[in-house]
Structure formats: C-alpha cells, structure tokens
Amino acid sequence: MLPQDMLALGTKRSAIRELFEYGKMRKAIVGDDKVYDFSLGNPSIPAPKEVDDAITELVQNGDSVLLHGYSSAQGDANVRKTIADYLNATHGTKFNADNLYMTCGAAASLCISLRALLLKDEEVIVFAPFFPEYVVFVEGQGGKAVVVPPTKTFQPDLEAFEKAISDKTKAVIINSPNNPSGVVYSEETIIAIADILKRKSEELGREIFIIADEPYRELVYDADTVVPYITKYYDNTLVCYSYSKSLSLPGERIGYILVPDEVFDSKNVYASVCGAGRSLGYVCAPTMFQQVVAKCCGKTGDISAYKKNRDLIYNGLTELGYECVKPDGAFYLFVKALEEDSNAFCERAKAHDLLVVSGDGFYCPGYVRISYCVSEKTIIDSMPAFKALSEEYKK
Ligand SMILES: Cc1ncc(COP(=O)(O)O)c(C=O)c1O
C-alpha cells in the first residue's frame, strides 16, 4: 500500500507541465514557430556573463575536491557571509552568515521553512492568485492552506485577510513580484499586512510568520517600482530566495532561506530550519553553485529583454481588447479570459496553437496566465492568433 496523496501527486501532472508537453508534441507536428507556447516560467535570457566567468575561474583555479565536495549542511560559511554582506549593503540590514541557510532553490526553501514552522493542521494564508505548488508544499508539511480571494488589482484584500486569521494561523506567504499576476505589492500594502499581523499576534498570543517568497525580486521593469524588503516592516519574516530567475539558473537548484535575528526565538527557528533541511534531505546545497552565486551577488541576466516583451505583449493584447493589469515585475501577464470558464477559453486558445494556462490552478478562475519569458518573435508572431481568438468571441 502506498500513500495515496503522494501517488496522486505523482500520477497527475501539473496543468502547466501537461500543457508544456502538449506544446512539444504540437511543435513536432506543425513546426516550432507555429506553436505559441506561453506555458512555462522558464527564463528565456541567458545567465549573465559573470556566471560563466565564475564557473570557468572555479574549474580552472579551484581545488576540485573542495569544489565538488560536501559543504557544511547549512552551506559554506564564506558564501553565506558574502550574501549577508550584499543584502546589508543593498537593504541597510544587519544580517550575518548565521542568518542564512543555503538551499536547492525556492521550492526547497519553502518546504524547509514550512516544515520548520508548522505543527500539524496549523494554517498558512495565501493570497490568490498564487503559485499552485504552495498548496502542495503546505499540505506536504502537515499544514492547511487558507486562501484569501483575489481583488481586481491583485493587491491583497486586507479585510478578507484579517478575517482569514484564526487561532491556527502560523504563517502567511507573500510573493511579490507575483506569479501569476506580475503585480508588485506596494509599500502601503506591506505596512498594512504587517500592522494586521502585529495586532492579531498580540490578540491571539502567538507568533504569526511571514514567509516572503522572492524568486522574482530583481525582475522589475520601471524605475519607480520598489519591492519593499519585508524584514524591515515585520520582524517575524523568513525570506525564501532563489537564483532561478534572477541569474537564469533554474536547473542548478540554488537559493537560500534567511532567518533574521529579529525573528522571535530566532536561534531556535534557525535550528528548526536546519532540522527541517535535514529531515527533508536538503542539506549541502550544490557546492559549486554556492560559490558561483557568491561571486555574482547583485548581478542579473539582461532583463531589458523581459521589459521589451512585457511592453510588446501588454500593448498588443490590450489593443486587441483583452483586459489585464499591467505587470510591474516577474515575467507573467494575467489576462481576463473572454468567457467565464477559463479552462474552456484555454481549449479554444489551443485550437489557435496559443498555449496559455488557466487561472483555476492559481485559485483565480476567469483569468489565464501568459508567461512572456519567450522570444520576442514568438510574441510578435502570436498576435494574429490572439486576434483571431478574440474575433471568435465577437461572433
Ligand atoms: C512564486 C514561485 N515560488 C517558487 C518557485 C520555485 O522556484 P525554484 O525554481 O527556485 O525552486 C517558483 C517557480 O517558478 C515560483 O514562481
């Protein structure tokens, strides 16, 4: 007998992966350039040159045994110190190596953080729309996800948020810039969330943690877009960071968890993170890539390509009459489907070889997600198909 929940997760592919596989199959039949695949959030720009330079330098001049060997379970101390120094210089914080735990990307960071914090059946609040794996991660660590419904602007509904907090709430996940909406939560919003949490924690006599899921932190496109650094607004914040998107390294599985000293009982929370990492088998994140990211602090790929894509697709689709909130960051556009049933809309889009993901999985029916981390040509070539699709609905 196998655990049915794991069997179900492994048997049923995620809707996004399913669509991506369908796209590959269609491309083999009609040709690569005839299928407009907007399904996956896989970076489309290369890693910055500094990444390749760091790899070359490490391979040519590093000690091969050390480079490919185990590091400390929580990650190399010098790497953690370099990242802490970078964060302090950027955000005016006071972190040190002992606040950081290196991980295999944001997915591992989230699972470890949840495992470190949650007692059985405790609740984690998530703001729709959100990355569908949150529910898998929360339930996998014994918790329950409590969903706050979306607003029209995709900024969190603060009233609904306050009502969702119960005596079982242990954490809130904040993801900004957001997957799938591309929205950046304003400073005003972060301050309001922090105020609600401070008041409620006091009222309930228990700590409520923010888990800031930040793989898209650097992917913002306008000079006046500021992504507030949440630890500065709310003490009980753990940051889950990943280099998957900022350095275009999703296959290398590298990121970290930050547990600031300001967190309540921080030494024990950090120890629990180490324990959760151990229990889940996430010790010693890839050693060579720990060194690589330490050499590339503050670097990104050429994100001007994403900005160009964002403007192309946002302007193109709104001119055709599609409705969407202009995304400030990440590489997603969340568009209102042209009928209530977003799954049916996705099916009709598929007939035009337009592969977009239904909002249902993001807990926001009636919308579809378009990942614009594709070539500029794909966006330009897809416009006639989007036009034909919208015209179908006018008949
Ligand atoms: C919001 C969000 N969180 C976490 C992840 C997982 O990222 P990683 O590849 O670093 O595990 C993703 C991946 O797309 C994401 O969009």
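Treat the numbers as computed from the prediction; the structure is a model and nothing was measured. (Residues numbered from 1 in each chain as written. Predicted model: local features only at pLDDT ≥ 70, side-chain atom pairs only at ≥ 80, totals over all residues. Heavy atoms only, no water.)

### Observations concerning the sheet that holds strand β12 (residues 367-371)
Turning to step 1, where the next piece is worked out: The strand order β9-β12-β11 describes an open sheet built from three strands, whose pairing is antiparallel. The open sheet has two edge strands, β9 (332-336) and β11 (357-358), and neither has a second partner. (Pairing = 2+ DSSP bridges. Helix = DSSP H or I, 4+ residues; strand = E, 2+ residues; numbered from the N terminus.)

### A word on the nonpolar core
Turning to step 1, where the next piece is worked out: Among the nonpolar cores identified, the biggest contains 60 residues, and Ile83, Phe161, Ile174, Leu197 and Tyr256 are the most heavily contacted of them.
Turning to step 2, where the next piece is worked out: Counting contributing residues per domain, this core is built from domain 1 (4-48 + 301-392) and domain 2 (69-295), each supplying no fewer than three.
Turning to step 3, where the next piece is worked out: Beyond its immediate sequence surroundings of up to four residues, Ile174 is in contact with Phe127, Tyr185, Ile190, Ile193, Ile210, Ile211, Ala212, Asp213 and Ile230. (Core = buried A, V, L, I, M, F, W, Y, C linked by side-chain atoms within 4.5 Å. Buried < 20%, exposed > 50% of the residue type's maximum accessible area, 1.4 Å probe, protein only. Domains from an automatic or database assignment. Contact = heavy atoms within 4.5 Å.)

### Observations concerning the environment of Val59
Turning to step 1, where the next piece is worked out: Considering the arrangement of structural elements, one finds Val59 in helix α3 (residues 49-61).
Turning to step 2, where the next piece is worked out: In this structure Val59 comes out as exposed when scored by relative accessible area, which is 51%.
Turning to step 3, where the next piece is worked out: On a C-alpha basis, the gap between Val59 and Met288 in space is 9.0 Å, while along the polypeptide they are 229 residues apart.
Turning to step 4, where the next piece is worked out: For Val59, the residues in contact, after removing those within four places along its chain, are Leu67 and Met288.

### Some points on the site of the ligand
Turning to step 1, where the next piece is worked out: Inspection of the region around the ligand gives 14 residues, with Ala106, Asp213, Tyr216, Ser242 and Arg253 positioned closest.
Turning to step 2, where the next piece is worked out: Contacts to the ligand include Ser242, whose side-chain N or O atom sits 2.6 Å from an oxygen atom.
Turning to step 3, where the next piece is worked out: For the ligand, the protein covers 91% of the area, taking 390 Å² as the surface of the free molecule.
Turning to step 4, where the next piece is worked out: For the shell around the ligand, the leading source of residues is helix α6 (residues 105-117), giving three residues.
Turning to step 5, where the next piece is worked out: Here the shell around the ligand is built from residues that sort into six nonpolar, five polar and three charged. (Near = heavy atom within 4 Å. Polar contact = N/O pair within 3.5 Å; in protein donor to acceptor, adjacent residues only side chain to side chain. Areas by Shrake-Rupley, 256 points an atom, 1.4 Å probe, with all protein chains shown as cover. Nonpolar A, V, L, I, M, F, W, Y, C, P; charged D, E, K, R; others polar.)

### Things to note about helix α11 (residues 287-295)
Turning to step 1, where the next piece is worked out: Taken across its nine residues, α11 has seven buried, putting it largely inside the fold.
Turning to step 2, where the next piece is worked out: All of the buried residues in α11 are Thr287, Met288, Phe289, Gln290, Val292, Val293 and Ala294.
Turning to step 3, where the next piece is worked out: Summarising the contacts, the buried residues of α11 are in contact with α3, α4 (64-67), α5 (77-91) and β2 (100-103).

### Looking at a nonpolar patch on the surface
Turning to step 1, where the next piece is worked out: Among the surface-exposed residues, Met25, Ile29 and Val30 lie close enough to one another that they form a single nonpolar patch of about 270 Å² accessible area.
Turning to step 2, where the next piece is worked out: Within the secondary structure layout, Met25 lies in helix α2 (residues 15-30). (Patch = residues over 30% accessible without salt bridge, like charges linked within 9 Å, V, L, I, M, F, W, Y side chains within 5 Å. Salt bridge = Lys/Arg side-chain N within 4 Å of Asp/Glu carboxyl O.)

### Observations regarding the sheet that holds β2
Turning to step 1, where the next piece is worked out: Spatial strand order, β2-β8-β7-β6-β5-β3-β4: seven strands in an open sheet with mixed pairing. Both outer strands of the open sheet, β2 and β4 (144-148), are each paired with one neighbouring strand and no more. Direction aside, neighbouring strands of the sheet carry axes that sit 20° apart on average.
Turning to step 2, where the next piece is worked out: Across five bridges, strand β3 (residues 123-127) lies against β4 in parallel orientation. Considered in β4, the bridge of Val124 is made with Ala145. (Axes fitted to C-alpha atoms, helices over the stretch in contact; angles between N-to-C directions.)

### With respect to the packing of aromatic side chains
Turning to step 1, where the next piece is worked out: The full count for this structure, using the stated rule, is 21 aromatic pairs.
Turning to step 2, where the next piece is worked out: The aromatic ring of Tyr367 is capped on one face by Lys336, whose charged end is 5.7 Å from the ring centroid.
Turning to step 3, where the next piece is worked out: Taking the ring centre of Tyr393 as reference, the NZ or CZ of Arg348 above it sits at 4.1 Å. (Phe/Tyr/Trp six-rings, centres within 6.5 Å; stacked < 30°, edge-to-face > 60°. Lys NZ or Arg CZ within 6 Å of the ring centre and 35° of its normal.)

### Examining the domain arrangement of the chain
Turning to step 1, where the next piece is worked out: Under the domain assignment used here, the chain contains domain 1 (4-48 + 301-392) and domain 2 (69-295).
Turning to step 2, where the next piece is worked out: Computed over C-alpha atoms, the centres of domain 1 and domain 2 are 26 Å apart.
Turning to step 3, where the next piece is worked out: Contacts between the two partners involve 29 residues from domain 1, matched on the other side by 33 residues from domain 2.
Turning to step 4, where the next piece is worked out: For the pairing of domain 1 and domain 2, the buried interface totals around 2500 Å² over both sides, and the portion due to carbon and sulfur atoms is 66%.
Turning to step 5, where the next piece is worked out: When residues of domain 1 are sorted by the area they lose upon contact with domain 2, Asp328, Phe362 and Tyr363 head the list and together hold 23% of the total.
Turning to step 6, where the next piece is worked out: Counting every contact that joins domain 1 to domain 2 gives two salt bridges.
Turning to step 7, where the next piece is worked out: Those elements giving two or more residues to the side of domain 1 that touches domain 2 turn out to be α12 (304-319), β9 and β12.
Turning to step 8, where the next piece is worked out: Of the residues belonging to the side of domain 1 that touches domain 2, the class tally is 20 nonpolar, five polar and four charged. (Buried area = accessible area lost by both parts, 1.4 Å probe.)

### Some words on the pattern of salt bridges
Turning to step 1, where the next piece is worked out: By the definition in use, this model includes 23 salt bridges.
Turning to step 2, where the next piece is worked out: The salt bridge involving Lys295 is made with Glu57; its shortest N-O contact spans 3.2 Å. One end of the pair, Lys295, is in helix α11; the other, Glu57, is in helix α3, with 238 residues separating them in the sequence.
Turning to step 3, where the next piece is worked out: Exposure remark for Lys295: the relative accessible area of 43% places this residue in the partly exposed category.
Turning to step 4, where the next piece is worked out: In this structure Glu57 comes out as partly exposed when scored by relative accessible area, which is 35%.
Turning to step 5, where the next piece is worked out: In this structure, the salt-bridge partner of Arg206 is Glu122, at a minimum N-O distance of 2.8 Å. With a gap of 84 residues between them, Arg206 in the loop between α9 (187-204) and β6 (209-213) and Glu122 in the loop between α6 and β3 connect regions that are remote in the sequence. With respect to class, Arg206 is no different from Glu122; both count as buried.
Turning to step 6, where the next piece is worked out: Ionic contacts of the salt-bridge type, sharing partners, join the residues Asp222, Lys307, Arg310 and Asp311 into one network.

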